[in-house]
Amino acid sequence: MSQLSNPVAPQQVAPLLALATELLRAGQPGDAIAPLREAARLEPSNPILQHDLGLACLEAGSLPDAIAAFQRAVARDPRYADAHFRLGIALEKLGDAGGALVAYNRVTELLPSLTEAWFRAGALVHTMGHRNEAIGCFRRAAATGGNTRFGRLGKARALLIENRNQEAELVLRRTLELDPGNAMAHDLLGNLLSELGRFDE
């Protein structure tokens, strides 16, 4: 736990966090920003409050504020894997693929079991044209994630890059049996079938 610079901060912070939590549960992340910002001001050395502020900003679509908050969180605790991960998501949404990749790579160093970080890193390096590195990331996602959503998608993406289309199709169809609402699996399967000229499936 970080050392507080203001001894009265915990008493002042608790009601702010309660209000912010209530607003987030009500689907009002924009309204949760002000109490979280005030809580972070009262406990400036607390990385968790910066992280939570970043989450509210991210959910509200305020990407520059989210990025700034996550950057403050990782500055206060460089080993805060979830803050690095959320920073990567915010940077990726803003279009900063290079910055997002740095953040995801840091996550995979700190928390190698976080499947989604491997998957997101793989997707980014693939768009950058680094085929082998993408395959490696997707395989790590498959290995760490197993039968989870990003584990199965990682396996499918690796197979697709390797042109092992029949195997990829089986993985994607199995994924959709287990998770019929998986939009990414629908897109991948649809693209694969189009490439194979199977438009009626």
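Up top is the structure these notes are about.
A brief report on the enclosed structure follows. What you see is a predicted model; the values in this text were computed from it and never measured.

### Considering the overall build of the protein
Here's step 1: Within the protein, the regular secondary structure consists of eleven helices and zero strands.
Here's step 2: Ordered by position from the N terminus, the helices and strands of the protein form the series α-α-α-α-α-α-α-α-α-α-α.
Here's step 3: C-alpha atoms of the protein, sized along the principal axes, occupy 65 × 35 × 25 Å.
Here's step 4: Looking at the 201 residues of the protein, the share that counts as buried comes to 43%.
Here's step 5: On the protein, the mean spot of the 21 positive side-chain charges and the mean spot of the 23 negative ones are 4 Å from each other.

### Things to note about helix α7 (residues 115–127)
Here's step 1: For α7, with 13 residues, the first-to-last C-alpha span of 19 Å sits near the 18 Å given by 1.5 Å per residue.
Here's step 2: Every buried residue of α7 is listed here: T115, A117, W118, F119, A121, G122, A123, L124 and V125.
Here's step 3: Tucked inside the fold, the buried residues of α7 contact α5 (81–94), α6 (97–110), α8 (131–145), α9 (149–161) and α11 (183–195).

### With respect to the packing of α8 against α9
Here's step 1: Where α8 meets α9, the axes come as close as 7 Å, and the angle between the chain directions of the two elements is 150 degrees. The angle between α8 and α9 falls in the class roughly antiparallel. When you trace α8 past α9, the crossing you get is left-handed. From α8, R131, A134, I135, F138, R139, A141, A142 and G145 reach across to α9, where they touch F150, G151, G154, K155, R157, A158 and I161.
Here's step 2: Class assignment for the residues of the contact of α8 with α9 results in eight nonpolar, three polar and four charged.

### A few points about the pattern of salt bridges
Here's step 1: What the rule picks out here adds up to twelve salt bridges.
Here's step 2: The shortest N-O distance in the salt bridge between R174 and E177 comes to 3.1 Å. On the criterion of helical spacing, the pair formed by R174 and E177 is a turn pair, its members being three residues apart in helix α10 (residues 165–178).
Here's step 3: Taking relative accessible area as the criterion, E177 reaches 55% and is therefore assigned exposed.
Here's step 4: What you see here is one network of salt bridges that share partners, running through R139, E162, R164 and E167.

### Regarding the side chain of E162
Here's step 1: As for its position among the elements, E162 is in the loop between α9 and α10.
Here's step 2: Those residues in contact with E162 that lie beyond four places of it in its chain are R131, I135 and R139.

### Quick word on the packing of aromatic side chains
Here's step 1: According to the stated counting rule, one finds three aromatic pairs in the structure shown.
Here's step 2: A ring pair is formed by F85 and Y104, whose centres lie 6.0 Å apart and whose planes are at 50 degrees; its orientation type is tilted. In this pair, F85 sits in helix α5 while Y104 sits in helix α6, placing the two residues 19 residues apart along the sequence. Of the two residues, F85 and Y104, neither departs from the other in class, the shared state being buried.
Here's step 3: A connected cluster of aromatic rings, assembled from ring pairs, spans F119, F138 and F150.

About the thresholds
Residues numbered from 1 in each chain as written. Predicted model: local features only at pLDDT ≥ 70, side-chain atom pairs only at ≥ 80, totals over all residues. Heavy atoms only, no water. Helix = DSSP H or I, 4+ residues; strand = E, 2+ residues; numbered from the N terminus. Buried < 20%, exposed > 50% of the residue type's maximum accessible area, 1.4 Å probe, protein only. Lys, Arg positive; Asp, Glu negative; His and termini not counted. Charge placed at Lys NZ, Arg CZ, Asp CG, Glu CD. Expected span 1.5 Å × (residues − 1). Contact = heavy atoms within 4.5 Å. Axes fitted to C-alpha atoms, helices over the stretch in contact; angles between N-to-C directions. Parallel < 35°, antiparallel > 145°, perpendicular 65-115°, else oblique. Left-handed = near helix turned anticlockwise from the far one by under 90°. Nonpolar A, V, L, I, M, F, W, Y, C, P; charged D, E, K, R; others polar. Salt bridge = Lys/Arg side-chain N within 4 Å of Asp/Glu carboxyl O. Phe/Tyr/Trp six-rings, centres within 6.5 Å; stacked < 30°, edge-to-face > 60°.

Take it as geometry only, folks, not as evidence of what the structure does.
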